[in-house]
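Structural overview for review
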Amino acid sequence: MKIKKIILVLAVSLSFAFSAGAKSYFDQQNHPARIIITGSIVNVRSGPSTRHTILHRLYRNNIVDCHGRLAGWYVIHLSDDTVGLVSGDYAKGYYPPTSTPQPTKPPSPPSPTKTPGSVVSGLSADEQQMLNLVNQARSQNGLPALKANLELARVARIKSQDMVDNNYFSHTSPVYGSPFQMMKAFGITYRTAGENLAANSTVQAAHNALMNSPGHRANILNSSYTEIGIGIVSSPKYGKMFTQMFIGR
């Protein structure tokens, strides 16, 4: 009931901004339950135009709850109870893929020509797959492979689990602070460092999304980084939560 009341107030206030009857453009029925952000950096505004106040910023592949549409804008509700609007030009409906049973067959070993690097003891199958994909992308761009750092992977798993447990998606943790503060708190030393985050149903889809985002791609292909920690945990909301932590010494 709290969300519905907030949305009703929002719709009423917007009717004054456009004209009498603008409230009728608010569609609370025909809209996706969640949307995914398609723009690199997208502003969440207090009304359906760029003249309205910026309340928050979302990034490519962020997935948020949607409660209606208004004049080509999505009315969204964030985990911190912020209610605002994002332009339909930079977002679309999110419909999680339904899994279909696959025939059981023995797993094939990674091909050295396609997935640079050997199997690392201490990584999950998903983490190993993502490590292979990252190093494959680096090899294709003339860069050396990143070494898997198991202690950094432990920190990355803690960050992914923290996002699941505390229902947020951000580089800044309410518990551990920034990625750099978190690394230092766990005794990770570095000369340069960075972090990538993703939420998706499969490793391949998460990797594709990161490589299609200029900022995340730049981290994966950064020649200053020499080591990586990958932490992947199950997420009831997204399927899987991914954290990549990079360091250079």
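Scroll up to find the structure.
Computed from a prediction, not measured in an experiment: that's the story for all the values here. (Residues numbered from 1 in each chain as written. Predicted model: local features only at pLDDT ≥ 70, side-chain atom pairs only at ≥ 80, totals over all residues. Heavy atoms only, no water.)

**Considering the pairing of strand S11 (residues 227-235)**
With eight of its nine residues buried, S11 lies for the most part within the structure. Here two bridges tie strand S9 (residues 147-148) to S11, and the two strands are oriented parallel to one another. Following the sheet pairing, Ala148 is matched in S11 by Ile228. Relative to strand S12 (residues 239-248), S11 runs antiparallel, the two sharing nine bridges. Among the inter-strand pairings, Ile228 is bridged to a residue of S12, identified as Phe246. (Buried < 20%, exposed > 50% of the residue type's maximum accessible area, 1.4 Å probe, protein only. Helix = DSSP H or I, 4+ residues; strand = E, 2+ residues; numbered from the N terminus. Pairing = 2+ DSSP bridges.)

**Describing the pattern of salt bridges**
Counted by the stated rule, this structure contains five salt bridges. Between Lys240 and Asp126 there is a salt bridge, and its shortest N-O distance comes to 2.9 Å. Residue Lys240 is found in strand S12, and its partner Asp126 is found in helix H2 (residues 125-140); the two are separated by 114 residues along the sequence. By relative accessible area, which is 23% here, Asp126 ends up partly exposed. The closest approach of N and O atoms between Glu195 and Lys159, which form a salt bridge, is 3.1 Å. A residue pair is termed long-range when its members are at least 10 positions apart, and Glu195 in strand S10 (residues 192-200) and Lys159 in helix H3 (residues 150-165) qualify at 36 residues. (Salt bridge = Lys/Arg side-chain N within 4 Å of Asp/Glu carboxyl O.)

**A few points about unusual backbone geometry**
Even without glycine at this site, Asn61 takes up a positive phi of about 80°. If you trace the backbone, Asn61 turns up in the loop between strand S4 (54-59) and strand S5 (63-70). If you check the backbone angles, Ala71 has positive phi at about 50° while not being a glycine. Positionally, Ala71 belongs in the loop between S5 and strand S6 (73-77).

**With respect to the side chain of Asn62**
Mapped onto the elements of the fold, Asn62 is located in the loop between S4 and S5. Look at Asn62 and you get buried, because its relative accessible area is 7%.

**Quick notes on the packing of H2 against helix H5 (residues 203-211)**
The N-to-C vectors of H2 and H5 enclose an angle of 35°; their axes lie 10 Å apart at closest approach. The hand of the H2/H5 crossing is right-handed. Here Asp126, Gln129, Met130, Leu133, Val134 and Ala137 of H2 lie close against H5, whose contacting residues are Val203, Gln204, Ala206, His207 and Met211. Residue classes in the contact of H2 with H5 are distributed as seven nonpolar, three polar and one charged. (Axes fitted to C-alpha atoms, helices over the stretch in contact; angles between N-to-C directions. Left-handed = near helix turned anticlockwise from the far one by under 90°. Contact = heavy atoms within 4.5 Å. Nonpolar A, V, L, I, M, F, W, Y, C, P; charged D, E, K, R; others polar.)

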